[in-house]
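Results of the structural survey
The chain contents come next:
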Amino acid sequence: MQLLPEWNGRVVGVMHRMYMTKTALAKEMGLSREYVSRVLNSEDEQSDAMRIKVETALESFAKSRKISFSELWNPKERTRMPQNRI
């Protein structure tokens, strides 16, 4: 199983912290939930146009809830530190 690209993980992480569902993201983007799910679960790199569309929708959702999108998208430090396991 191949890991998803880092961008997908960032998107899902930001969605998680904003309590945003794929349905809400799809609504912001004007697309179907199924299509958005395929984009987020794709192992392929997304086009610049799709990345911009997703990031714009995330930012719009954040603004509507008075959340700082830039702090979520580019955190200064990790919220969780990996734990060393012996």
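Please refer to the structure placed before this passage.
About the thresholds
- Per chain, the residues get numbers from 1 upward, laid out in the order the sequence is written.
- In keeping with the model being predicted, local features are shown solely for residues with a pLDDT of at least 70 and side-chain atom pairs are shown and tallied solely at 80 or more, while totals for entire chains, interfaces and linings include all residues.
- Hydrogen atoms and water are omitted, and side-chain values are computed over all heavy atoms in the structure.
- Put simply, a salt bridge is a Lys or Arg side-chain nitrogen that is within 4 Å of an Asp or Glu carboxyl oxygen.
- Numbering of helices and strands runs from the N terminus, with a helix taken as a DSSP run of H or I at least four residues long and a strand as a DSSP run of E at least two residues long.
- Counting of polar contacts relies on pairs of N or O atoms within 3.5 Å, with two restrictions inside protein: one atom must be capable of donating a hydrogen and the other of accepting it, and residues adjacent in sequence are counted only when both atoms are side-chain atoms.
- Whether two residues are in contact is decided by their heavy atoms, any of which lying within 4.5 Å being enough.
- Any residue under 20% of the maximum accessible area for its type is buried, any over 50% is exposed, and the rest in between are partly exposed; the area is computed with a 1.4 Å probe on protein chains only.
- Any two rings among Phe, Tyr and Trp, with Trp reduced to its six-membered ring, count as a pair given centres within 6.5 Å; such a pair is stacked if its planes are under 30 degrees apart, edge-to-face if over 60, and tilted if neither.
- By definition, being over a ring means that NZ of Lys or CZ of Arg is both within 6 Å of the ring centre and within 35 degrees of the ring normal.

Re the pattern of salt bridges
- Here the structure, examined in full by the defined rule, presents 1 salt bridge.
- We note a salt bridge from E45 to R51, for which the minimum N-O separation is 2.6 Å.

A short note on the side chain of S42
- Counting through the fold element by element, S42 comes out in the loop between α3 (33-41) and α4 (48-64).
- Polar side-chain contacts of S42 include one of 3.0 Å to the backbone nitrogen of D44.
- Every residue in contact with S42, bar those within four places of it in the chain, is listed here: L4, P5 and N8.

Description of unusual backbone geometry
- Its identity as a non-glycine residue notwithstanding, Y19 has a phi of 55°, on the positive side.
- Among the secondary structure elements, Y19 is positioned in the loop between α1 (6-17) and α2 (22-29).
- Note on Y19: relative accessible area 75%, which makes it exposed.

Structural notes on the packing of aromatic side chains
- The final tally for this structure, using the stated rule, is 1 aromatic pair.
- Between F69 and W73 the ring centres are 5.7 Å apart and the planes differ by 20°, which places this aromatic pair in the stacked class. Of this pair, F69 and W73 are both found in helix α5 (residues 69-73), 4 residues apart, which corresponds to roughly one turn of the helix. Both residues of the pair, F69 and W73, belong to the buried class.
- Between the NZ or CZ atom of R10 and the centre of the ring of W73, over which it lies, the distance is 4.1 Å.
- The ring of F61 carries R65 above its face, with NZ or CZ at 3.7 Å from the centroid.

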